[in-house]
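Per-entry structural report
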Amino acid sequence: MKKVLIVIRREYLVRVQKKTFLLLTFGAPLLIVGLIAAVVALTVAGKEEKTITILDETALFESHFEDGGDITYTFKDQSLDDALADLTSGKTFAVVSIPADLDVRDPKGVTFHQKGNPTSSITGKISRQMVDRIRQLRLEQEGIAETTLDSLNGIRVNLATFDITDMGEDGEAQQSSAGAAQGIGMVFAVIIYMFIFLYGAMVMRGVIEEKMTRIVEVIVSSIKPFQLMMGKVIGVALVGLTQLTLWVLLLGALGFVASTFLPEDAFDAEAMEALANTPNANAIQASLADNPELAQGVFTVLNMPWGQILLTFLFFFVGGYLMYGALFAAIGSAVDSDADSQQFMLPITIPLLIAYMAAFTVVGEDPNGPAAFWLSMIPLTSPIVMTIRVPYGGVEMWELLLSMVLLIGGFIGTIWLAGRIYRIGILMHGTKINYRVLAKWVKMKN
Amino acid sequence: MDFIQVKGVSKAYAEHQALRDVSLTVPEQSIFGLLGPNGAGKTTLIRIINQIIEKDQGEILVKGQPLAPEHIAIIGYLPEERGLYKKMKVGDQLLYLAQLRGLTKKQAMEQIRYWFKRFEIADWWGKKVEDLSKGMAQKVQFISTVMHKPKLIILDEPFSGFDPVNAELIKDEILELRRQGATIIFSTHRMESVEQLCDHVGMIHKSQLVLNGSKEEVKKQYSKNVFTLHYLGEDPTLDGIEIVGQDSENGEFKQAAIKAPAGTNPNDLLRQLIDKVEVHGFREEVPSMNDIFISIVKEDQA
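Residues numbered from 1 in each chain as written. Chains lettered and ligands numbered in written order. Predicted model: local features only at pLDDT ≥ 70, side-chain atom pairs only at ≥ 80, totals over all residues. Heavy atoms only, no water.

Before going further, it helps to spend a moment on the packing of aromatic side chains. Enumeration according to the criterion identifies 22 aromatic pairs over all chains in this entry. Here A:Tyr193 and A:Tyr356 contribute two aromatic rings whose centre-to-centre distance is 4.0 Å and whose plane-to-plane angle is 20 degrees, an arrangement assigned as stacked. Here A:Tyr356 lies in helix α13 (residues 346-360) and A:Tyr193 lies in helix α6 (residues 178-213), a separation of 163 residues in the sequence. Judged by its relative accessible area of 15%, A:Tyr193 is buried. With 6.3 Å between their ring centres and 55 degrees between their planes, B:Tyr85 and B:Tyr96 make a pair best called tilted. Of this pair, B:Tyr85 sits in the loop between β6 (75-78) and α2 (90-100) while B:Tyr96 sits in helix α2, and the two are 11 residues apart along the sequence. According to the relative accessible area criterion, B:Tyr85 is buried, its value standing at 1%. (Phe/Tyr/Trp six-rings, centres within 6.5 Å; stacked < 30°, edge-to-face > 60°. Helix = DSSP H or I, 4+ residues; strand = E, 2+ residues; numbered from the N terminus. Buried < 20%, exposed > 50% of the residue type's maximum accessible area, 1.4 Å probe, protein only.)

This is the structure:
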C-alpha cells in the first residue's frame, strides 16, 4: 500500500510539474476571460455618442423620446435636405423624418436615413418609442385610461411546477425548473465525458511510455503490476481534479477581478440592450416579484438539492473515471505504440458516445423513461446518464443506490479485467495483438 | 550455504513450456553464471526469482525460506531490456526506484550520493535522462540496481549494450559487491565473461537444466582427459592411452596430445610417462566454458 502511494506521488508530481500542465491550467481560464474581456471592450469602445436628428412635422413626439445609453435625440425644425447635408458632413448620426400627415391609426411614411445600413437595435428603439407615444394618443382618442390597459395586459396564468419526489422537511414539494435542471446536468455530464477521454488517454500514454522505455520491468520487480496500474490511474485522476479545482477557482477569481475593473456600464449597457430587444420588454423590466416564471427559475436553482447533485456528480465522476481509466491502462499495456492503440479504442468510445448522445436526446426528453433508466443502470453509461437525470429530480433513492452499487461492481470488474491484461501486456513486445490474444491473457496464470 | 535453491520449477506459457522441472543452487557470495542460448528460459527463471511472474510448479528457497514479497527489498535486478523515464531527472528517478525497493528517502539520498561520488557523476542529479548518452544512462541503471544494498543482485545480460569502458567498470563493481557479501547471478550467453567472473554456473537449454555446479566441477565433468606432452625420445606407448594428436617437428621438443581413460590421475600418468620419455612439459587440457557450451548445444542437435 505504501508503495502504491509512492507511485501515485510520482505520477502526480511528474504531470503537475510539466510545462504543458501549467500552461493549460493557467492559460485556459486566462484565455477564456481574455476573450470575454476583449469582446466587452470592443463593444464598449464601439459605443461612441450618437446624435439622431428628428424632423417631427407633426410635433406630436417631441419630449416623448428619451435619450438612452449612447443616443441623444435632437428635434430640429429644418428641411430634410439640410438635415441630410448634416448627415453627410457627419454632424449627425442619423435622421428620422416624420411627415406632417402621419395618421395615428395607420402610421406610415416615417423615414430613417443613415450612412450605411442601420442596425436593428437603433431602428427598434426609435420605432418602439414612437409606438408607445402613438398608443398613448390612441388611448386618449378612444377614451381608455392607461391604467386599465396595463391591468388588462397584466393578466397571466402562470403554472408553478412542483416536483413531488423530494418533499422538503416541511412537507412542501420543491419547486422545479426543467430548464435549469437540464443545464446543470448537461454541464456535469460534459465534464465527466471530457475528463474520461482526456485523462484516460493520459493514463494510456503513461503506460505506453513505461513499456516503450522498458522501465516497467524494473518497477514490477518492486511492485505488483496491479498496484502500478492503480497508482497510475489514481495519480492521473488527482492531476485532473487539481486542474478542475484550479480552473473553478481561477475562473471565479478572474471573473471577480474583471467585474471590478471593467466600467460598470459595460455590463449594464449589455443587459439593457438585451432587455430592450425582447418583445415583452415591460414585463421583464418588471421586478422578479411581478414575474413568477423567472423568479421560479432562480428559486429552483437555489433550491435544488445541491448536496445530492454534487455528491452524485463526484461519485459518478470518480467511479466512471476509475472504470475507464483502468481500461485505457489495459489498452496501453497491450500495444507497442500510440498508433497501435486505435484498434482497441472502440469498446471504450462506443458506450461513452452512446451515453453522450442519449444525454442530449432520449434522456433530456424523458429523464425518467425506460431508456434513461436502463442507461443509468449500465455501469459503462451510468456515469454520464445518471448525472443528467439527478438534477431533474424523479430519480428514486433505490434507483440511485442500485446504479451506484452497479457502478462499483462495474469498476471492480473492469479494473480486474484490465489488471489481468496489464500484467501480461507490459512485458510483451512485438507480439501481434488482437481480441483473442487479450482474452487469452485474461485467462492466463501469472 | 546456498543463497538460492530452485527446486523442480516449471513454467508454461500459453503455447510453450518455458521451464521444465529446473533445479539448481546458487551458493552464497558466489558469482553465478546462468547460461543458455537465446530463448532457453533464462529470463523466465530470472523473472520468477524476481516475483514478476509466478511459477507453475516447484519451489524457490532464499536462504532456506520460501521466496516471499519481503525478499523484494534484498534483491537488485537489472533486466536485459532496461530503460528509464526519459523526462525524469536522474536524481528523482533514482530516489523513486529506491523508495519502491523499500528505502526511506533519507537512506536513498545517502546511497545515491555515495554512488554519484563513486562514479564521479555528482553533477548529474538535475539532468534529464533524455539528455544522457547511452553509456551514462547505463551507469544510472546500474546504480538503481544496487543502491538498496541488495544481498542478491540479478543481472540479465549485463554486458550486452554496455560500452567496453562501462563493462569494465561494472565488472569491477560486481567483484567489489561480492567481496562485501553480495551474491550475484548473471545471465549471459557470452562465455568470456563467464570465464573471467563466475565461480558457479548453471545452464538451461531448451527449458531444462543441463548443467549446475562450480566452474571447476563442471570443467572436470566435461574434461576429455586430454593432456599435452612435450618430450624427447621415443613416442610414449602405454596401456589404454591414445595419442590423439602429434606434432613431432615443433622446435626442440616433440609434442603430443594424449587421451587417457576417464578418471585417470594426472600424477599417475606423469609417473608412467617419466619412465618412457624425457618429459619437458605436461599440461592437462581443461575445456573452456565456450567448448562446454558449444558441445552441449551441438550434442543436442546431433
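As a further point, take the pairing of strand β11 (residues 226-232) of chain B. All names here are of chain B. Burial of β11 is extensive: five of the seven residues sit out of reach of the surface. Of the strand pairs in this sheet, β11 and strand β13 (residues 253-259) are connected by six bridges, and their pairing is antiparallel. Across the sheet, residue valine 226 finds its bridge partner in β13, namely lysine 259. Direction of pairing for β11 relative to strand β14 (residues 278-284): antiparallel, over a ladder of six bridges. (Pairing = 2+ DSSP bridges.)

Here the focus is the side chain of A:Thr25. Residues and elements named next belong to chain A. Among the secondary structure elements, threonine 25 is positioned in helix α2 (residues 19-45). In terms of polar contacts, threonine 25 uses its side chain to reach the backbone carbonyl oxygen of phenylalanine 21, at 2.6 Å. Discounting chain neighbours no more than four positions away, the residues touching threonine 25 are Gln243, Leu246, Trp247 and Leu250. (Polar contact = N/O pair within 3.5 Å; in protein donor to acceptor, adjacent residues only side chain to side chain. Contact = heavy atoms within 4.5 Å.)

Here we take up the pairing of strand β4 (residues 57-62) of chain B. A regular strand carries its side chains on alternate faces of the sheet. Residues and elements named next belong to chain B. Across five bridges, the pairing between strand β1 (residues 2-12) and β4 is antiparallel. Paired with lysine 7 across the two strands is glutamate 59, which belongs to β4. With two bridges joining them, β4 and strand β5 (residues 65-66) adopt antiparallel strand pairing. Looking across to β5, one finds that valine 62 is bridged to glutamine 65. Here β4 hands over to β5 after two residues, with lysine 63 in that stretch at a positive phi of 45 degrees.

Residue and element names in this part refer to chain A. All of the buried residues along helix α3 (residues 80-89) are Ala83, Asp86 and Leu87. Taken end-on, α3 shows its buried residues confined to a sector of 100 degrees, consistent with a single buried face. Residues of α3 that are exposed and point more than 90 degrees away from the buried face comprise Asp81, Thr88 and Ser89. Of the surrounding elements, those touching the buried residues of α3 are β1 (50-56), β3 (94-98) and β4 (111-114). Just past α3, the residue glycine 90 takes up positive phi, approximately 85 degrees. (Arc of directions from axis to C-beta.)

What follows deals with the pattern of salt bridges. Going through the model one piece at a time under the given rule, you end up with 23 salt bridges over all chains. Between B:Arg47 and A:Glu217 there is a salt bridge; the shortest N-O distance is 2.8 Å. Of this pair, B:Arg47 sits in helix α1 (residues 42-49) while A:Glu217 sits in helix α7 (residues 216-220), on two different chains. With relative accessibility at 15%, the residue B:Arg47 sits in the buried group. Looking at A:Glu217, the relative accessible area reads 6%, which means it is buried. Residues A:Glu399 and A:Arg389 are paired through a salt bridge, measuring 2.9 Å at the closest nitrogen-oxygen approach. Here A:Arg389 lies in helix α16 (residues 382-392) and A:Glu399 lies in helix α17 (residues 397-425), a separation of 10 residues in the sequence. (Salt bridge = Lys/Arg side-chain N within 4 Å of Asp/Glu carboxyl O.)

Turning our attention to the nonpolar core. Counting 161 residues, the largest nonpolar core has A:Ile219, A:Tyr321, A:Trp441 and B:Tyr96 as the members making the most contacts within it. Take this core: its biggest share by element is 15 residues, from helix α12 (residues 306-334) of chain A. Those residues within four positions of A:Trp441 in sequence are excluded, and the remaining contacts are A:Ala334, A:Arg420, A:Ile421, A:Arg423, A:Ile424, A:Gly425, A:Met428 and A:Ile433. A:Phe61, A:Leu102, A:Met130 and A:Leu137 belong to the second largest nonpolar core, which has 16 residues in total. (Core = buried A, V, L, I, M, F, W, Y, C linked by side-chain atoms within 4.5 Å.)

All names here are of chain A. Mean pLDDT over chain A works out to 80, with 83% of the residues at or above the 70 mark. The secondary-structure element of chain A with the lowest mean pLDDT is helix α10 (residues 281-285), recorded at 43, while helix α1 (residues 2-16) shows the highest, at 92. Note that pLDDT drops below 50 for residues 166-175; the model gives that stretch 18 contacts with residues more than four away or on any other chain. (pLDDT = per-residue confidence, 0-100.)

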